[in-house]
Amino acid sequence: VVETEKRQAQLALKYYVGSKIEAKQAAINALLELFGANFKIAGTKASFVGREANTDYSISIGPHLVEAGERNDTKPSFNTILSAGDKFTLALAFFLTQVSDDPKLANASIFFDDPFSSLDAHREWETTSQLRSLAQKACQVVVLSHDPRFLALIEMITKTPVSSFQITCDDQGKGEIREWSSKEELLDLYIRQGQRIREFANAGNLLP
């Protein structure tokens, strides 16, 4: 009886995991398409070898299929077929899919640290779109970045309140958090760049 119940439980778990994995794979590939990626994930399956369940998948680029984690010095492998931007995009798609499916999302605080690192202009814009969408579902979304242009994009089109702050640290290691404006930062940046261009054009001097 115990063995029968065990087999039934295993079959039920396998069916449940299989249906969930298919939905997750479809959601991740939909995000990758929005990001303009030329690849998708395929053949996702669960593995119950060992104490913890694992998920295996492959990267599909045209007719080529490469297993995730595969390492090979003589033929294309997972480490070589994707650029740094592609790998970052894949990780971001995985994370967004996982977070969006969380039943406790409405009470959650989501943190992103430079989420547009190594992304081109199209993926940068799509990243801001996904962050704004997530902000409407979560309790709050916190974005850390060194790029004022990226932060300005997030603030441009949003239906949720946005507050911007700057974290500073002096030579003595004393830090503070103060209100900050991406618009003022960009205006100041463009003015400084304009001054450098005029100085170089007029006198050949390079300002710091």
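Coordinates for the structure precede this section.
Residues numbered from 1 in each chain as written. Predicted model: local features only at pLDDT ≥ 70, side-chain atom pairs only at ≥ 80, totals over all residues. Heavy atoms only, no water.

(A) Looking closely at the packing of helix α3 (residues 84-100) against helix α4 (residues 121-135). The geometry of α3 relative to α4 is characterised by a closest axis approach of 12 Å and an angle of 15° between their N-to-C directions. Here α4 runs roughly parallel to α3, going by the angle between their axes. For the crossing formed where α3 meets α4, the hand is left-handed. Where α3 approaches α4, its residues G85, D86, T89, L92, L96, V99 and S100 are matched on the opposing element by R123, T127, Q130 and L134. (Axes fitted to C-alpha atoms, helices over the stretch in contact; angles between N-to-C directions. Helix = DSSP H or I, 4+ residues; strand = E, 2+ residues; numbered from the N terminus. Parallel < 35°, antiparallel > 145°, perpendicular 65-115°, else oblique. Left-handed = near helix turned anticlockwise from the far one by under 90°. Contact = heavy atoms within 4.5 Å.)

(B) Here's a closer look at the sheet that holds strand β1 (residues 40-47). Taken together, the 3 strands give an open sheet; going across it, the order is β1-β2-β3, and neighbouring strands pair in antiparallel fashion. Each edge of the sheet is formed by a strand with only one pairing partner; in this case those strands are β1 and β3 (64-67). Sheet twist, expressed as the mean angle between neighbouring strand axes with direction ignored, is 25°. Note: strand β2 (residues 54-61) against β3, 4 bridges, orientation antiparallel. Bridge pairing in β3 links I61 to H64. (Pairing = 2+ DSSP bridges.)

(C) Examining the side chain of D147 more closely. Relative to the assigned elements, D147 resides in the loop between β5 (140-144) and α5 (148-156). Within the buried core, D147 has no salt-bridge partner, and the shortest N-O distance to an opposite charge, that of R149, equals 4.2 Å. Of the polar contacts made by the side chain of D147, one reaches the backbone nitrogen of R149; its length is 2.9 Å. (Buried < 20%, exposed > 50% of the residue type's maximum accessible area, 1.4 Å probe, protein only. Lys, Arg positive; Asp, Glu negative; His and termini not counted. Salt bridge = Lys/Arg side-chain N within 4 Å of Asp/Glu carboxyl O. Polar contact = N/O pair within 3.5 Å; in protein donor to acceptor, adjacent residues only side chain to side chain.)

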